[in-house]
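Read off the chains here:
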Amino acid sequence: MFKCKWMILCEKSIRNEESDNISMIEVFDSLKIPSPPSDEQKEEQQRWLFPHRFDLVIYWQNEEDNEIDNSLLVQHGSKESKAELQKFKLEIKAPDGRTLLQGNLPTAQERKDYIIVLPFDGIPEPDDGKYQFEIYEEKSDDWLKIQSTTLTISCSNIEDILAEQ
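Counting of residues starts from 1 at the beginning of each chain's written sequence and follows it residue by residue. Only residues with pLDDT of 70 or above have their local features reported here, since the model is predicted, and side-chain atom pairs are shown and tallied only from 80 upward, although totals for entire chains, interfaces and linings are computed over all residues. Excluded from the side-chain calculations are hydrogens and water; all other atoms, namely the structure's heavy atoms, are used.

Draft legend 1. Spotlight on the sheet that holds strand 10 (residues 142-156). At least two bridges found by DSSP between two strands are what make those strands a pair. Helical segments are the DSSP runs of H or I of at least four residues, strand segments are the runs of E of at least two, and each set is numbered from the N terminus. The 5 strands are arranged 3-10-9-6-7 in an open sheet whose pairing can be described as mixed. Strands with a single pairing partner mark the edges of an open sheet, and in this sheet they are strand 3 (30-34) and strand 7 (99-105). Geometrically, the sheet is characterised by an average inter-axis angle of 25 degrees between neighbouring strands, direction not taken into account. Lines fitted to C-alpha atoms define the axes, with helix axes restricted to the stretch in contact, and inter-axis angles between N-to-C directions lie between 0 and 180 degrees.

Structure (structure tokens):
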């Protein structure tokens with residue numbers, strides 16, 4: 001049985017092919033971004049995305065089988081395993097509780113520990129507040145939240161952001 005031990009937001013992650021270790025560059029839990037477009041501009045664009053590339057790095061541990069090789073498996077994106085899998089999903093929620101993005105997460109039954117790296121190209125519909133990245137596990141036809149991390153976004157006008165640098 002897999003357990004999500006942690007998840008971290010970072011600007012970039014790099015996998016060492018020889019050791020299977022992963023480096024996380026510029027770990028963060030908050031961002032200051034330019035103010036979103038006006039309501040009229042948002043309507044014209046259908047859905048606004050603030051372009052900010054980042055990775056969500058998730059560490060999983062198989063707590064059942066001590067006989068399994070303890071090496072790390074790093075996955076970029078999704079990779080299916082032929083074994084029967086536990087079902088996990090990721091949801092990203094806006095400060096008002098709306099689900100902005102949702103998708104299934106891959107698991108790797110053949111390893112004890114592994115890391116998934118999920119790359120993102122931006123933040124959908126950003127506004128001031130706390131965004132929740134939540135992992136759920138399917139249990140008896142219901143979804144149970146098992147892990148979460150928060151990203152706090154502060155919006156300012158572009159001149160103020162540039163003045164701080």
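Draft legend 2. Seen up close, empty space enclosed by the protein. Any residue with an atom within 4 Å of a point lines the site, the site being either a cavity, points on a 1 Å grid over the protein atoms alone where a 1.4 Å probe fits but cannot get out, or a pocket, an open set with protein on both sides within 12 Å along at least 5 of 7 lines. Grid points are joined across faces, edges and corners, and a volume is the space filled by probe spheres set on the points. Enumeration over the complete set of coordinates arrives at 1 cavity of 30 Å³ or more. Empty space within the largest cavity amounts to approximately 50 Å³. As for the largest cavity, its lining consists of Phe 54, Ile 92, Leu 101, Phe 120, Gly 122, Ile 123, Pro 124, Tyr 131, Phe 133 and Leu 151. Listed by contribution, the elements that provide at least two residues to the lining of the largest cavity are strand 8 (113-124) and strand 9 (129-139). Among the elements that take part in the lining of the largest cavity, strand 8 stands out by supplying 4 residues, more than any other. When residues are grouped by polarity, Ala, Val, Leu, Ile, Met, Phe, Trp, Tyr, Cys and Pro land in nonpolar, Asp, Glu, Lys and Arg in charged, and all others, Gly among them, in polar. Of the residues contributing to the lining of the largest cavity, the split by class is 9 nonpolar, 1 polar and no charged.

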